[in-house]
Amino acid sequence: MHRSSDNQKVVVVGNGMVGHHFVTTLADLQPDCEITVIGAEPTPAYDRVHLSEVFAGRSPEDLSLAGDGYDKLGVLAHHGDPVVEIDVDNQAVKTRAGQTYPYDKLVIATGSTPFVPPIPGNDHPGCFVYRTLEDLDAIRRASRDATTGVVIGGGLLGLECANALKNLGLETHVVEFAPGLMGVQLDPDGSQTLRRHIEELGVRVHTSTATEQIQGHHQGLRLNFADGNHLDTDIIVFSAGIRPNDQLAQAAGLEVGERGGIVINSACRTGNPHIYAVGECALFQQRIFGLVAPGYRMAEVAADQLAGGTSEFSGADMSTKLKLLGVEVGSIGDAHGTASLAYTYADPVQKIYARMNLTEDGQKVAGAVLVGNCDAYDQLLQYFVNEISVPECPEQLILPTVNGDSVLSADALPDSAAICSCHNVTKGAISQHIAEGCRDLGELKSATKASTGCGGCAALLKNVFDRQLESLGIEIDTSICEHFAHTRQELFHICQVEGITDFATLLGKHGRGSHGCDICKPAVASILASLYNSHILEGQNVGLQDTNDHLLANMQKNGTYSVVPRIPGGEITPDKLIAIGQVAKQYDLYTKITGGQRIDLFGAHMQDLPLIWRDLIDAGFETGHAYGKSLRTVKSCVGSTWCRYGVQDSVGMALLLENRYKGLRSPHKLKFAVSGCTRECAEAQSKDVGVIATDKGWNLFVGGNGGMRPRHAELFATDIDDATLVAYIDRILMFYVRTADRLQRTSVWMESLEGGLSYLQQVIIDDCLGINAELEAQMAHIVGTYQCEWKTTIQDPEKLKRFRQFVNSDAADTQVVFVRERAQKRPATEEEISLLAVEAQS
Amino acid sequence: MNLAATTAKAVPLCQLSDLIPGSGVAALYQGGQNQSGQNQGGHNKDGKQKSAPQGEQIALFYLPDNNPSLYAVSNYDPIGRANVLSRGIVGTINTRLVVASPLYKQHFDLLSGVCLEDSRYTIKVYRVHLDQQTVVLEV
Ligand SMILES: Cc1cc2nc3c(=O)[nH]c(=O)nc-3n(C[C@H](O)[C@H](O)[C@H](O)COP(=O)(O)OP(=O)(O)OC[C@H]3O[C@@H](n4cnc5c(N)ncnc54)[C@H](O)[C@@H]3O)c2cc1C
Ligand code: SF4
Ligand code: FES
């Protein structure tokens, strides 16, 4: 082949997770490469690993990995059209639609296909596989009229699929040919423990059961088993293993394994020097790697090789930790360990099982199985991967930890130890960043990507980070400001334990100097409000309040204010709407609808604020706390009351929540939303607290936010009833109020919690700290002592004193100038102000 | 405070009871200049512009436990470009008594008027004292 362009033409077949990772890695290493990626699926690469979350309410767009990024990278992407032929002689590929793409180098990343066992009747309508977004759609459509679903295959993916069917509200069965579930990753006892968990969740498990035939039966399907029994169902999903997509390669004369898979060497190259294969379609040393992390490693190796590097793939550890139907399961190395020494621990009540296999000399970890609780996983994995000698009493590695202390110190790990396996971040890399001046865990995360994948390494990462800083003799100053050598959390604790109710006492007993500053004063004001809920303009509190709290309104750029009455759930009567209009008209306020389903009135002079509020309160409004670090709005859709799709009364729930939490002062503002069904019109997943209706109750999401650094909320609990929902939110909010840093949104707070979401679940759902009763009592106090701050203010002449523009004159501030635009007023620009003045003088 | 400063004219501004302990208020000094250097212009409720010179806006801070307990600076925030400093939080930064602008949080020294973050900006500082229950400005 002869080509005019010097730039290397690289064609990638398959735009799945690994193909995508390859493309971005190569584009990064060699920006002048001409990369073309061809995918059979209609959409660009998405996160297949989290596919099932779509059933739990996540949107498919959310899973997208590629987004519009390909354009930016200069990568040509071609979707919805599979490659049907590789012409190795002319170095080109052909697609089904007849397109031809020449290549200098070809990378095959075609992944795999679910294996459908050759059971007669396996092609009935109602039979599905589960691998792609399209499969998911098909299953979802079929499940609308279904009541029962069967998964054939009790492996990791089969159980994941069972969870999905359960989420769709189907009575779910798992049929497994082998005697146990997840036979590859678990030993028989572990498998048995998992089974008990799963059956308790209402999934029926049939092991040692061979399906001989599938027939149509009435409206549905019937499975006939070898033992003569049968099972009737509406839909069947096959999940009996995967088969590598190697047909293209085979037809092109490339070597494939006996049981499938394109043979590659340690450079990820096939027998043809111009062709590479990566991901689940590739066979390395007789093994297929059915997990995403090894696939990513292959992609990195292949990209490096194409860019002239010498990286090599040396196989990968197939240890996994996951949550199946909410049950934690972990498997490390050799799970069965037939020849080795084994330690086991079982708690039949909590259904926890742990097994650790040691090497014959009893010195190293050879493998492990964990079911029901994976706390020990990270540590065991480090022992296994880094071949660290086990401690004198090895059993402590799998025994439940009493106080959460781990046995393994970060110091014991070699520099090569992978701390985050998702992003392959080693301890050495972390030390490097610290040596270069990184002092903040968040900064470390964004620089290295560590802990931004599955998140499982969060605790270990923090441990390593802290130890490394410590060993360098660096002390992290967590003081809130020069007046207190404490964090916000510590100050909260001090005020609570010592019953301190004012700033001066706190400063006198625990601080320095006699004044404080604009950092500690509002922080303490917020703590006192969260603890005692007294009026923020009461007595000593007055001088502590930040800009907006100072006058219970939001200061705008010219020193005037905006006013936001509360409109709970965004529901408002025509009369009240008119009342707002009248107030806005009377005080000439610029009026705008907010993103939180309420109305913001701008341009109020400070001396007008009490008058405006008197009118609003007369019309039945309360303060909207738009000025406070507190609950702003609970956005809602109309839900089942009006909407054709709604399954719960989302407005009713939004009203309940907004009225409950409306007075709560918190480290930062709080936004909620409630959607009436999984279509999620209220965008609850972008809120601090998001509630999405299901047929059985509510799904609760926490820790989302929009703004500068948008973050999706995480699914915290599913299908809970009203009372549980409120109890969980009570506890989460109070725990946040107690432990967050000043001005820390819930999203950042959750990231900063060691153990993240699962730790929060342990605190809130399992009450692992034993504080839930206290948290609820504290919230009950806040709810019980609610007052509309504005109502109290306008009744108190002492508080009204501060709303005078000038203490010695009734004049307005003549330097505040407005002009009109689109029939409303707005602050004049400086140019406009000087022009107006010139006109006035002439 | 030196009441005997003979050349100084004493202008009563307001009463002690007008002040808010631990916080600030604004007062108008009719005899003064418009301190921002901007031209005048105003807007009435009926929408007509007016342009009567207003005098100087003074931010008064009252810290009862401090000595002295009274501080007065210009109410105009030269960075945020609005008359808002009386609504800022008072505190100390390295023992210097400051007010933090409620708009963008720069700190202004209450004794010298210098902006701690950007010394190109200095706000006017006034001498004030208490005469019985009256707050008096020395000009
Ligand atoms: C429900 C589910 C849950 C999972 N959970 C986990 C987990 O928790 N942890 C984990 O590590 N792994 C998990 N996996 C496995 C993980 O998704 C795979 O390891 C990973 O997706 C492999 O990436 P890949 O790019 O090799 O293959 P794929 O992601 O399958 O991508 C291959 C792509 O190539 C396309 N293609 C195939 N043939 C052609 C052709 N001829 N022309 C053009 N395009 C073609 C396919 O359509 C597909 O889009 C899960 C998988 C599923 C289905
Ligand atoms: S979220 Fe569901 S119930 Fe609410 S408006 Fe959208 S479709 Fe209707
Ligand atoms: S191990 Fe998954 S994010 Fe670090």
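See the structure above.
Residues numbered from 1 in each chain as written. Chains lettered and ligands numbered in written order. Predicted model: local features only at pLDDT ≥ 70, side-chain atom pairs only at ≥ 80, totals over all residues. Heavy atoms only, no water.

Observations regarding the nonpolar core
What counts here: Only buried Ala, Val, Leu, Ile, Met, Phe, Trp, Tyr and Cys residues count toward a nonpolar core, and they belong to the same one when joined by side-chain atoms within 4.5 Å. Exposed residues in this analysis have more than 50% of their type's maximum accessible area, buried residues have under 20%, and partly exposed residues fall in between, with area computed by a 1.4 Å probe over protein chains only. Strands are runs of DSSP state E lasting at least two residues, helices are runs of H or I lasting at least four, and both sets are numbered from the N terminus onward. Here, residues are in contact when the closest pair of their heavy atoms is within 4.5 Å.
With 61 residues, the main nonpolar core has Leu657, Phe672, Leu700, Phe716 and Ile729 of chain A as its most contacted residues. Of all the elements, helix 20 (residues 722-739) of chain A adds the most residues to this core, at 10 residues. Setting aside its immediate chain neighbours within four residues, isoleucine 729 of chain A contacts Leu657, Tyr661, Phe672, Val689, Val691 and Leu700 of chain A. Core analysis: the second largest hydrophobic core is formed by 53 residues, Ala604 and Cys788 of chain A together with Leu70 and Ala72 of chain B among them.

Notes on the packing of aromatic side chains
All names here are of chain A. Keep this limit in mind: Stacked, edge-to-face and tilted labels apply to pairs of Phe, Tyr and Trp rings (six-membered ring for Trp) whose centres lie within 6.5 Å, assigned for plane angles under 30 degrees, over 60, and everything in between, in that order.
Summed over the entire model, instances satisfying the criterion amount to 11 aromatic pairs over all chains. Look at phenylalanine 284 and phenylalanine 313: their rings are 5.1 Å apart centre to centre, the planes differ by 75 degrees, and that puts the pair in the edge-to-face class. Of the two residues, phenylalanine 284 sits in strand 20 (residues 282-284) while phenylalanine 313 sits in the loop between helix 8 (292-306) and strand 22 (320-324), which places them 29 residues apart along the sequence. Of the two residues, phenylalanine 284 and phenylalanine 313, neither departs from the other in class, the shared state being buried. Here the aromatic rings of phenylalanine 484 and phenylalanine 503 are separated by 6.1 Å at their centres, their planes lie at 75 degrees, and the arrangement is edge-to-face. Taken together, the residues span a long stretch of sequence, with phenylalanine 484 in the loop between helix 12 (458-471) and helix 13 (488-498) and phenylalanine 503 in helix 14 (residues 503-510) at a distance of 19 residues. Looking at phenylalanine 484, the relative accessible area reads 0%, which means it is buried. A residue is classified by how much of its surface remains accessible, and phenylalanine 503, at 7% relative accessible area, is buried.

A word on the site of ligand 2
Going by this rule: To be near a molecule or strand, a residue needs just one of its heavy atoms within 4 Å of it. Three classes are used: nonpolar for Ala, Val, Leu, Ile, Met, Phe, Trp, Tyr, Cys and Pro, charged for Asp, Glu, Lys and Arg, and polar for all others, with Gly counted as polar.
All residues adjacent to ligand 2 are Cys637, Gly639, Cys643, Tyr645, Gly646, Ser675, Gly676, Cys677, Arg679, Glu680 and Cys681 of chain A. When its residues are assigned to classes, the shell around ligand 2 shows 5 nonpolar, 4 polar and 2 charged.

Topic: the sheet that holds strand 32 (residues 599-604) of chain A
Residue and element names in this part refer to chain A. Condition: By definition, two strands form a pair when at least two bridges between them are found by DSSP. Axes, fitted as lines to C-alpha atoms, cover a helix only where it is in contact. Angles between the N-to-C directions of the axes lie from 0 to 180 degrees.
A sheet is described by the order of its strands in space; here 4 strands give the open sequence 29-30-32-31, paired in antiparallel fashion. Each edge of the open sheet is held by one strand with a lone partner, namely strand 29 (554-555) and strand 31 (590-593). Relative to strand 32, strand 30 (residues 561-563) runs antiparallel, the two sharing 2 bridges. Residue pairing across strands places tyrosine 561 opposite alanine 604, the latter belonging to strand 32. Most of the contacts of helix 18 (residues 609-618) go to strand 30, to which it runs at about 5 degrees, and overall it touches strand 30 and strand 32.

Quick notes on helix 23 (residues 772-784) of chain A
Residue and element names in this part refer to chain A. Selection criterion: Expected span of a helix: the number of residues minus one, times 1.5 Å. What the arc measures is the spread of directions leading from the helix axis to the C-beta atoms.
For helix 23, with 13 residues, the first-to-last C-alpha span of 18 Å sits near the 18 Å given by 1.5 Å per residue. Every buried residue of helix 23 is accounted for by Asn772, Leu775, Gln778, Met779 and Ile782. Along the axis of helix 23, the buried residues cluster in a sector spanning 130 degrees; they form a single face. Of the residues in helix 23, the exposed ones pointing more than 90 degrees away from the buried face are Ala773 and Gly784. Buried residues along helix 23 sit in contact with helix 13, helix 15 (520-532), helix 19 (650-661), helix 20 and helix 22 (756-764).

Brief notes about the pattern of salt bridges
A side chain with one charge can pair with a side chain of the opposite charge if their charged atoms come near. Residue and element names in this part refer to chain A. For clarity, the threshold we go by: Any Lys or Arg side-chain nitrogen located within 4 Å of an Asp or Glu carboxyl oxygen qualifies as a salt bridge.
All chains considered together, the criterion is met by 41 salt bridges over all chains. Linking glutamate 199 and arginine 195 is a salt bridge whose minimum nitrogen-to-oxygen distance equals 3.2 Å. Here arginine 195 and glutamate 199 lie together in helix 6 (residues 188-200), a separation of 4 residues that amounts to about one turn. Residue arginine 826 pairs with glutamate 832 through a salt bridge whose shortest N-O separation is 2.9 Å.

Re the site of ligand 1
All names here are of chain A. For the record, the criterion: Two N or O atoms form a polar contact when they lie within 3.5 Å of each other; inside protein one atom must be a possible hydrogen donor and the other a possible acceptor, and for residues adjacent in sequence the pair counts only when both atoms belong to side chains. Using a 1.4 Å probe, accessible areas were evaluated by the Shrake-Rupley method; residue-level cover was limited to the displayed protein chains.
Taken together, the neighbourhood of ligand 1 is formed by 29 residues, with Val18, Glu41, Arg48, Arg131 and Glu280 sitting nearest. Within the backbone of methionine 17, one N or O atom sits 3.3 Å away from an oxygen atom of ligand 1. The separation between an oxygen atom of ligand 1 and a polar side-chain atom of arginine 48 is 2.8 Å. If ligand 1 stood free it would expose 980 Å²; the protein chains cover 90% of that surface.

Considerations on the interface of chain A and chain B
We apply this condition: Here the buried area means the combined drop in accessible surface, using a 1.4 Å probe, for two parts upon being joined, counting both sides.
Opposite the 46 residues of chain A that make contact, chain B presents 50 residues. For the pair chain A and chain B, the two sides together bury roughly 3,800 Å², of which 48% comes from carbon and sulfur. The interface formed by chain A and chain B includes 3 salt bridges. A salt bridge links lysine 105 of chain B to aspartate 546 of chain A; its shortest N-O distance comes to 2.6 Å. Connecting chain A to chain B are 21 residue pairs in polar contact (both at pLDDT 80 or more). Elements with a contribution of two residues or more to the side of chain A that touches chain B: helix 15, helix 16 (547-550) and helix 26 (830-841) of chain A. The biggest single contributor to the side of chain A that touches chain B is helix 26 of chain A, with 6 residues. Along the lines of polarity and charge, the residues of the side of chain A that touches chain B split into 18 nonpolar, 16 polar and 12 charged.

With respect to the sheet that holds strand 9 (residues 127-129) of chain A
All names here are of chain A. Strand order across the open sheet formed by 5 strands is 9-16-10-11-12, with parallel pairing between neighbours. In the strand order of this sheet, the two ends are held by strand 9 and strand 12 (204-206), each with one partner. Mean inter-strand twist for the sheet, computed between neighbouring axes without regard to direction, equals 25 degrees. Judged from the 5 bridges that link them, strand 10 (residues 148-152) and strand 11 (residues 171-175) form a sheet pairing that is parallel. Each residue of the ladder has a partner; that of isoleucine 152, found in strand 11, is valine 175. Contacts from helix 5 (residues 156-167) reach strand 10, strand 11 and strand 16 (235-238) within the one sheet, and its direction differs from that of strand 10 by about 170 degrees.

Considering helix 8 of chain A
Residues and elements named next belong to chain A. Between its first and last C-alpha, helix 8 extends 21 Å over 15 residues, near the 21 Å set by a 1.5 Å rise per residue. Inspection of helix 8 places Pro294, Gly295, Tyr296, Arg297, Met298, Ala299, Val301, Ala302, Ala303, Gln305 and Leu306 among the buried residues, and these make up the whole buried set. Buried-residue contacts for helix 8 involve strand 1 (9-13), helix 1 (17-29), strand 7 (105-108), strand 19 (275-277) and strand 20. Just beyond helix 8, the residue with positive phi is glycine 308, at close to 95 degrees.

Function-wise, these values are silent; they only describe arrangement.
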